[in-house]
Amino acid sequence: MPMGHTATEEAGSGGLTATEHRLANGLRVVLSEDHLTPVAAVCLWYDVGSRHEVKGRTGLAHLFEHLMFQGSGQVKGNGHFELVQGAGGSLNGTTSFERTNYFETMPAHELELALWLEADRMGSLLVALDDESLENQRDVVKNERRQRYDNVPYGTAFEKLTAMAYPDGHPYHHTPIGSMADLDAASLEDARAFFRTYYAPNNAVLSIVGDIDPEQTLAWVEKYFGSITSHDGKQPPRDGSLPETIGEQIRTVVEEDVPSRALMAAYRLPHDGTREADAADLALTILGGGESSRLYNRLVRRDRSAVAAGFGLLRLAGAPSLGWLDVKASGGAEVPAIEAAVDEELARFAEEGPTPAEMERAQAQLEREWLDRLATVSGRADELCRFAVLFGDPQLALTAVQRVLEITPLEVQAAAKARLRPDNRAVLVYEPTAQTDAAGTEEEEAAK
């Protein structure tokens, strides 16, 4: 079999290991044995996301995620779902700024079926792609946009903040869902060219984790994927680098029919894969990760100005990551007072840094999240793909916990001081429309 190098490395997370292989057509394959339960996870990451799209054709990466379930050369219509679920497996696909992934978790004896299905659509989707399937899935995606974004309270907040945090023309300025106008404009030829460019074996990583026989598994991979031809037409993604801070505070006030006032903000943070990103993650966990966090204690418990307050991290490799602040106001609380309290807490943290107890709790929280992820075959398969695609080395997934535990309190303080500042954020304020506000006041009066 025309296999490339094979590398095995002991890892730092409970003795988990992974081996790496490469087919002659460029497909990278990562295997990780785990005989605890008789299941196997198959995960396929294509190195294409919304950052690879061009202006006027946004949403193609996400549209393709749907088209991949519409049939291929030997699998008609909804057959992919039917065959996997009929064999007792589960499956899905997702799209982000930086990748599109597809995954199945199967009873171990059905692993070959999952590999055949993924190879069939990688090798022959264009046989089944026609105007009818394109129109069908275009409508599905537009409906998803309406249901998840346009017609739910705060649904477009992430889209708005992303557009504010990344300037016009930046590859991360638009989100993966794409615009209605661009989805309408996509032609069948656009879709075919997109597939040929990005859905090639040399633009993908396949990971298989679980109760597997590595030799047999590699033989199946070679049998089903080995004959698919590579494609060399892919352009590198546009440069996503930006200055470390935004340099000013950008603000937008939105009046919408929402349940309560809200303060949301996006802070520009270090790129994923760096110590600084891990330090920022710990800072956000201490400040806004759950009910023991500083912002929750201040805004919800002490001031009672909010019903929810949290910080999240959107890790990005090809552009600065985003720290995402989300505070929902309570009753008649005003946003300026909430914002002043947030700034006070962030300034105090930048000045004093974390306490030993906070540091220990935050590291334990992130360690638990990582270990939970690596403990499932599907979670580990996904992380092996992520580190292979974005950082060139799947082994990094198995040592990520150790890197988080090595971060010092001084590094966490420095990350907060450098980045969690008013001149490094895009702020989105939601004000309920007069009619919503009045209804809320009437409800409060009735409650009294």
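Calculation notes
Residues numbered from 1 in each chain as written. Predicted model: local features only at pLDDT ≥ 70, side-chain atom pairs only at ≥ 80, totals over all residues. Heavy atoms only, no water. Pairing = 2+ DSSP bridges. Helix = DSSP H or I, 4+ residues; strand = E, 2+ residues; numbered from the N terminus. Axes fitted to C-alpha atoms, helices over the stretch in contact; angles between N-to-C directions. Buried < 20%, exposed > 50% of the residue type's maximum accessible area, 1.4 Å probe, protein only. Arc of directions from axis to C-beta. Salt bridge = Lys/Arg side-chain N within 4 Å of Asp/Glu carboxyl O. Core = buried A, V, L, I, M, F, W, Y, C linked by side-chain atoms within 4.5 Å. Contact = heavy atoms within 4.5 Å. Parallel < 35°, antiparallel > 145°, perpendicular 65-115°, else oblique. Nonpolar A, V, L, I, M, F, W, Y, C, P; charged D, E, K, R; others polar. pLDDT = per-residue confidence, 0-100. Polar contact = N/O pair within 3.5 Å; in protein donor to acceptor, adjacent residues only side chain to side chain. Phe/Tyr/Trp six-rings, centres within 6.5 Å; stacked < 30°, edge-to-face > 60°.

## Comments concerning the sheet that holds strand 8 (residues 248-256)
Next, step 1: The strand order across the open sheet built from five strands is 8-12-9-11-10, with neighbouring strands paired in mixed fashion. Strand pairing shows two members of the sheet lacking a second neighbour, strand 8 and strand 10 (306-314), which therefore form its edges. Going across the sheet, the axis of each strand differs from the next one's by a mean of 15 degrees, ignoring polarity.

## Considerations on helix 5 (residues 157-165)
Next, step 1: Regarding helix 5, the residues found buried are Ala157, Leu161, Thr162, Met164 and Ala165. Buried residues of helix 5, viewed axially, fall in a sector of 165 degrees; they line one side.

## Details of the pattern of salt bridges
Working definition: two side chains of opposite charge can pair if their charged atoms are close together.
Next, step 1: Across all of its chains, the model carries 39 salt bridges by this definition.
Next, step 2: Overlapping salt bridges bring together Asp272, Asp278, Asp281, Arg315, Arg373, Asp382, Glu383 and Arg386 as one network.

## Section: the nonpolar core
Next, step 1: Residues Leu263, Phe311, Leu325 and Leu420 are the most contacted members of the largest nonpolar core, which totals 61 residues.
Next, step 2: Looking at which element gives the most residues to this core, the answer is helix 13 (residues 377-391), with eight residues.
Next, step 3: Leave out the neighbours within four places in its chain, and phenylalanine 311 touches Tyr267, Leu284, Leu287, Gly288, Leu295, Gly323, Trp324, Leu325, Leu346 and Leu420.
Next, step 4: In this structure, Val48, Val75, Val84 and Ile208 belong to the second largest nonpolar core, which totals 50 residues.

## Let's talk about the packing of helix 9 (residues 275-288) against helix 12 (residues 356-375)
Next, step 1: Between helix 9 and helix 12, the shortest axis-to-axis distance is 9 Å and the interhelical angle comes to 110 degrees. Viewed along their axes, helix 9 and helix 12 adopt a mutual orientation that is roughly perpendicular. For the pair helix 9 and helix 12, the contacting residues are Asp281, Leu282, Thr285 and Ile286 in the first and Glu358, Met359, Ala362, Gln363, Gln365 and Leu366 in the second.
Next, step 2: Counted by class, the contact of helix 9 with helix 12 contains five nonpolar, three polar and two charged residues.

## Section: the pairing of strand 9 (residues 262-269)
Next, step 1: Counting buried positions along strand 9 gives eight out of eight residues, so the element sits mostly inside the fold.
Next, step 2: Across the two faces of strand 9 the burial is the same, with Ala262, Met264, Ala266 and Arg268 and Leu263, Ala265, Tyr267 and Leu269 all buried.
Next, step 3: Here strand 9 pairs with strand 12 (residues 424-432) via six bridges, running antiparallel. Looking at strand 12, one finds that alanine 265 is bridged to valine 427.

## Some points on helix 2 (residues 79-86)
Next, step 1: Of all the residues in helix 2, the buried ones are Gly79, His80 and Val84. Burial along helix 2 is one-sided: seen end-on, the buried residues are contained in an arc of 120 degrees. In helix 2, the exposed positions that point more than 90 degrees away from the buried face belong to Glu82 and Gly86.
Next, step 2: Each element contacted by the buried residues of helix 2 is listed here: strand 5 (90-95), strand 6 (100-107) and helix 3 (111-128).
Next, step 3: Once helix 2 finishes, glycine 88 follows within two positions and takes phi at roughly 85 degrees, a positive value.

## Side note on the confidence of the model for the chain
Next, step 1: Considering every residue of the chain, the mean pLDDT works out to 92; 94% of them sit at 70 or more.
Next, step 2: Contacts of residues 1-12 to residues separated by more than four positions or lying in other chains number 35 contacts, the stretch itself having pLDDT below 50.
Next, step 3: Scored below 50 in pLDDT, residues 436-448 shows six contacts in the model against residues more than four places distant or in partner chains.

## Let's talk about the environment of glutamate 33
Next, step 1: Among the secondary structure elements, glutamate 33 is positioned in strand 3 (residues 28-33).
Next, step 2: Discounting chain neighbours no more than four positions away, the residues touching glutamate 33 are Gly210, Ile212, Pro214 and Arg380.
Next, step 3: Side-chain polar atoms of glutamate 33 contact the side chain of histidine 35, separated by 2.8 Å.

## Some details on the packing of aromatic side chains
Next, step 1: Scanning all chains against the criterion turns up 18 aromatic pairs.
Next, step 2: Look at phenylalanine 97 and phenylalanine 158: their rings are 6.2 Å apart centre to centre, the planes differ by 70 degrees, and that puts the pair in the edge-to-face class. Here phenylalanine 97, found in the loop between strand 5 and strand 6, pairs with phenylalanine 158, found in helix 5; they are 61 residues apart in sequence, far enough to count as distant.
Next, step 3: Judged by centre distance (5.4 Å) and plane angle (25 degrees), the ring pair of phenylalanine 97 and tyrosine 172 falls under stacked. Here phenylalanine 97, found in the loop between strand 5 and strand 6, pairs with tyrosine 172, found in the loop between helix 5 and helix 6 (180-185); they are 75 residues apart in sequence, far enough to count as distant.

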